[in-house]
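Here's the letter readout for the chains.
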Amino acid sequence: MKRRHFLHRAGSLVLLLGASDIAWGATIVAVRVWPAPDYTRVTLESDTPLQARHFVTSQPDRLVVDVDGLELSPTLREIVGKVHADDPYIAGVRVGQNQPRIVRLVIDLKQPIAPQVFTLAPVADYRHRLVFDLYPTVPIDPLMALIREKEEAERRAQAALDDALGEFIDRIGRGNHTAPPAVAAAPNPPASRRSDAEAGQRSRVNRLIIVALDPGHGGEDPGAIGPAGTREKDVVLAIARRLRDRINAEPNMRAMMTRDADFFVPLRQRVEKARRVQADLFISIHADAFTNPNARGASVYALSERGATSEAARWLANKENAADIVGGVNVKHSDAHVLRALMDMSTTAQINDSLKLGSAVLGHIGKIGRLHKPRVEQAGFAVLKAPDIPSILVETAFISNREEEQQLRSAEYQDQLADALMNGIRRYFQKNPPLARNRQL
Ligand SMILES: [Zn+2]
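About the criteria used
Residues numbered from 1 in each chain as written. Predicted model: local features only at pLDDT ≥ 70, side-chain atom pairs only at ≥ 80, totals over all residues. Heavy atoms only, no water. Helix = DSSP H or I, 4+ residues; strand = E, 2+ residues; numbered from the N terminus. Buried < 20%, exposed > 50% of the residue type's maximum accessible area, 1.4 Å probe, protein only. Contact = heavy atoms within 4.5 Å. Areas by Shrake-Rupley, 256 points an atom, 1.4 Å probe, with all protein chains shown as cover. Donors = N, O, S within 2.8 Å, 3.2 Å for Na, K, Ca; no water. Pairing = 2+ DSSP bridges. Phe/Tyr/Trp six-rings, centres within 6.5 Å; stacked < 30°, edge-to-face > 60°. Axes fitted to C-alpha atoms, helices over the stretch in contact; angles between N-to-C directions. Arc of directions from axis to C-beta. Polar contact = N/O pair within 3.5 Å; in protein donor to acceptor, adjacent residues only side chain to side chain. Core = buried A, V, L, I, M, F, W, Y, C linked by side-chain atoms within 4.5 Å. Patch = residues over 30% accessible without salt bridge, like charges linked within 9 Å, V, L, I, M, F, W, Y side chains within 5 Å. Salt bridge = Lys/Arg side-chain N within 4 Å of Asp/Glu carboxyl O. Parallel < 35°, antiparallel > 145°, perpendicular 65-115°, else oblique. Nonpolar A, V, L, I, M, F, W, Y, C, P; charged D, E, K, R; others polar.

Peer 1: Even after reading the chapter, I still don't get the overall build of the protein, so can you show me in this structure?
Peer 2: When you go through the protein residue by residue, the secondary structure sums to 12 helices and 14 strands. The burial tally for the protein puts 48% of its 441 residues in the buried class. Long-range pairs, those at least 24 residues apart, make up 75% of the contacts in the protein with a sequence separation of at least 6. A total accessible area of about 21200 Å² is found for the protein, and carbon and sulfur atoms account for 54% of it.

Peer 1: I keep staring at the coordination of the zinc ion and nothing clicks. Help me out?
Peer 2: Note on metal sites: the ideal angle is 109.5 degrees for four tetrahedral donors, and 90 or 180 degrees for six octahedral donors. Protein coordination of the zinc ion is provided by His-217 (NE2), Glu-232 (OE), His-286 (ND1), Glu-320 (OE) and Glu-320 (OE), with donor distances spanning 2.1 to 2.4 Å. Motif for the zinc ion, donor spacing along one chain: H-x14-E-x53-H-x33-E. Residue His-217 is found in the loop between strand E9 (209-215) and helix H5 (232-248), and its partner His-286 is found in strand E11 (residues 281-288); the two are separated by 69 residues along the sequence. Residue classification places His-286 among the buried positions, given a relative accessible area of 5%.

Peer 1: Please clarify how the pairing of strand E1 (residues 28-34) should be interpreted in this entry.
Peer 2: Side chains on a regular strand alternate between the two faces of the sheet. By the criterion of burial, E1 is predominantly enclosed, with 6 of the 7 residues buried. The pairing of E1 with strand E2 (residues 40-46) spans 6 bridges and is classified as antiparallel. Across the sheet, residue Val-33 finds its bridge partner in E2, namely Val-42. Turn length for the E1-E2 hairpin, with the two strands adjacent in sequence and antiparallel, is 5 residues.

Peer 1: Please explain the packing of aromatic side chains as it appears in this structure.
Peer 2: The description of an aromatic ring pair rests on the distance of the ring centres and on the angle between the ring planes. For the structure shown, the criterion picks out 5 aromatic pairs. Measuring from centroid to centroid gives 5.8 Å for Tyr-39 and Phe-263, while their planes differ by 80 degrees, and the two rings are edge-to-face. Remark: Phe-263 occurs in the loop between strand E10 (253-257) and helix H6 (267-276) and Tyr-39 occurs in the loop between E1 and E2; sequence separation between them is 224 residues. Overall, Tyr-39 belongs to the buried group, its relative accessible area being 2%. When its relative accessible area of 3% is taken as the criterion, Phe-263 is described as buried. Each ring, one from Phe-290 and one from Trp-315, has its centre 5.3 Å from the other, and the planes form 85 degrees; the classification is edge-to-face. Of the two residues, Phe-290 sits in the loop between E11 and strand E12 (299-303) while Trp-315 sits in helix H7 (residues 311-321), which places them 25 residues apart along the sequence. Exposure remark for Trp-315: the relative accessible area of 39% places this residue in the partly exposed category.

Peer 1: Sorry if this is basic, but what is going on with the sheet that holds strand E5 (residues 90-99) here?
Peer 2: Hydrogen bonds between backbone groups are what pair the strands of a sheet, and the pairing can be parallel or antiparallel. An order of E3-E4-E6-E5 is seen for the 4 strands of this open sheet, with the pairing classed as antiparallel. Here the strands that pair on one side only, and so sit at the sheet edges, are strand E3 (52-57) and E5. Taking each pair of neighbouring strands and ignoring which way they run, the sheet shows an average axis angle of 15 degrees. Of the strand pairs in this sheet, E3 and strand E4 (residues 62-68) are connected by 6 bridges, and their pairing is antiparallel. Its bridge partner lying in E4, Thr-57 is registered against Arg-62.

Peer 1: Even after reading the chapter, I still don't get helix H11 (residues 402-409), so can you show me in this structure?
Peer 2: Helical periodicity: at 3.6 residues per turn, an α-helix aligns residues three or four positions apart in one direction. When we look at burial in H11, the residues that qualify are Glu-404, Glu-405 and Leu-408. The buried side chains of H11 occupy one side of the element, clustering within an arc of 105 degrees when seen end-on. Contact partners of the buried residues in H11: H5, E11, strand E14 (391-398) and helix H12 (411-431). For H11, the N-terminal cap is Asn-401; the gap from its side-chain oxygen to the backbone nitrogen of Glu-403 is 3.0 Å.

Peer 1: How do you make sense of the nonpolar core when you look at a structure like this?
Peer 2: A general feature of soluble globular proteins is that nonpolar side chains tend to end up buried together. Ranked by internal contacts, the top residues of the largest apolar core, which has 42 residues, are Leu-243, Ile-247, Ile-283 and Ile-425. For this core, the secondary-structure elements that each account for two or more residues are E9, H5, E10, E11, E12, helix H10 (348-368), E14 and H12. No other element matches the 9 residues that H12 contributes to this core. Sequence-distant contacts of Ile-247, that is, excluding residues within four places in its chain, are made with Val-211, Leu-213, Met-253, Arg-254, Ala-255, Met-422 and Ile-425.

Peer 1: Explain a nonpolar patch on the surface to me, please; I cannot follow it from the model alone.
Peer 2: A contiguous nonpolar patch, built from Leu-161, Leu-165 and Ile-169 and spanning about 260 Å² of accessible area, is present on the exposed surface. By the element assignment, Leu-165 lies in helix H3 (residues 142-173).

Peer 1: What is the right way to read the environment of Val-83 from this model?
Peer 2: Within the secondary structure layout, Val-83 lies in the loop between helix H2 (74-77) and E5. Residue Val-83 is classed as buried on the basis of its relative accessible area of 15%. A C-alpha to C-alpha distance of 6.7 Å links Val-83 and Val-33, two positions 50 residues apart in sequence.

Peer 1: Is there a simple way to think about the packing of H11 against H12 in this case?
Peer 2: How two helices sit against one another is set out by the angle between their axes and by the gap between those axes. Where H11 contacts H12, the axes come no closer than 5 Å and their chain directions differ by 80 degrees. Considered as vectors, H11 and H12 are oriented roughly perpendicular to each other. Every residue of H12 that contacts H11 at Gln-407, Leu-408 and Arg-409 is listed here: Ala-411, Tyr-413, Gln-414 and Leu-417. In the contact of H11 with H12, the residues fall into 4 nonpolar, 2 polar and 1 charged.

Peer 1: Can you help me understand unusual backbone geometry in this one?
Peer 2: Backbone phi values are negative for most residues with the exception of glycine, while trans is the configuration of most peptide bonds. For the bond running from Gln-59 to Pro-60, omega is 0 degrees, close enough to zero to count as cis. Examined against the element boundaries, Pro-60 turns out to sit in the loop between E3 and E4. With a phi angle near 50 degrees, Ala-124 is a residue other than glycine that sits in the positive phi range. By secondary structure assignment, the location of Ala-124 is in the loop between strand E7 (113-120) and strand E8 (128-136). For Ala-124, a relative accessible area of 38% corresponds to the partly exposed category. Backbone geometry at His-217 places phi at a positive 60 degrees, although glycine is not the residue there.

Right, dumping it as structure tokens:
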């Protein structure tokens, strides 16, 4: 690891001299902007650590950052073009040499923000990172987002119904006695027909079931990368969106996505979002990777109260739990200690339900693809630690396997996986009907 780092430094020195760039101070190796409804992150990656001061202004709303020991460079200037018009927080970025060795970034804002500015030490393929997280002053509440989404869906359904009835009345008026047109109550119709037995079972459930879907990784954390360059964070988001559409097409179910864009969400926040909406289930979606390119097949994991059920499960849990380090969590941020207490309260009941959910899902995935492990494995996955929500982590396939990487990229296989997960969820609720519960929805 040390040796590779040294090579990186040597490489950038040569590049630096060749580009007749500055010969002292830090060199920016990359700039990245990750816009999302929750917050927008700006990352400056450099060969040596950067020090920065910042302040915010109102009227107009701006974040001003002064970075020490830095000269303006073409790489740094790239940041201007990396802001998208639809960024929820950033209207534009200007960058200039404020004083010798001090670069000033002026971020023009679309709304007031509460910024978090912090540095990250080199990890994985990254060197030193200076991060600005631009949070709204009033944080996005996943429950309010879910309510708004539900109202929007109801409005769309009502509009579709009105249109259809209007058309039907027109036809009757013209003496054309056809059946009323079918009305799509949701943007995406259910993928498969349910059996009568299932329908009977389902009708007994008269409250809204909320399923938290957790596409792994995102933003600075790409997750595993396949031999053809496919990123885990992209395929798992695509699969989660397909599953979300299936869940939302059910009359009594709603999906809540812990992320619906390419941005980093700390593991604890994923759990917290699910608890905020009182989710009935939590399903984290991933794609596996292993040093042996022949490893293949799907696996499903639940939390373990004590040790891992196998060395492989322990290895995987460690790997997935490292997402926060790669993605870049602000360790100084205050809510960490509140959540830590919460995280230690995993229960036997939660694990038992998670194992039932896991088996139901595994059974259906086994019908469409190969299984890596024939039963649900257990280990200390941080993301599965909601004490009161049955939670599983699904490794859909091995992205490190050439053939499975291709499958993961295909819309057809993503649909099959979403169908299998949906069938697993239905099967779980057939056998374990949700308990009555007062909801704010
Ligand atoms: Zn993963």
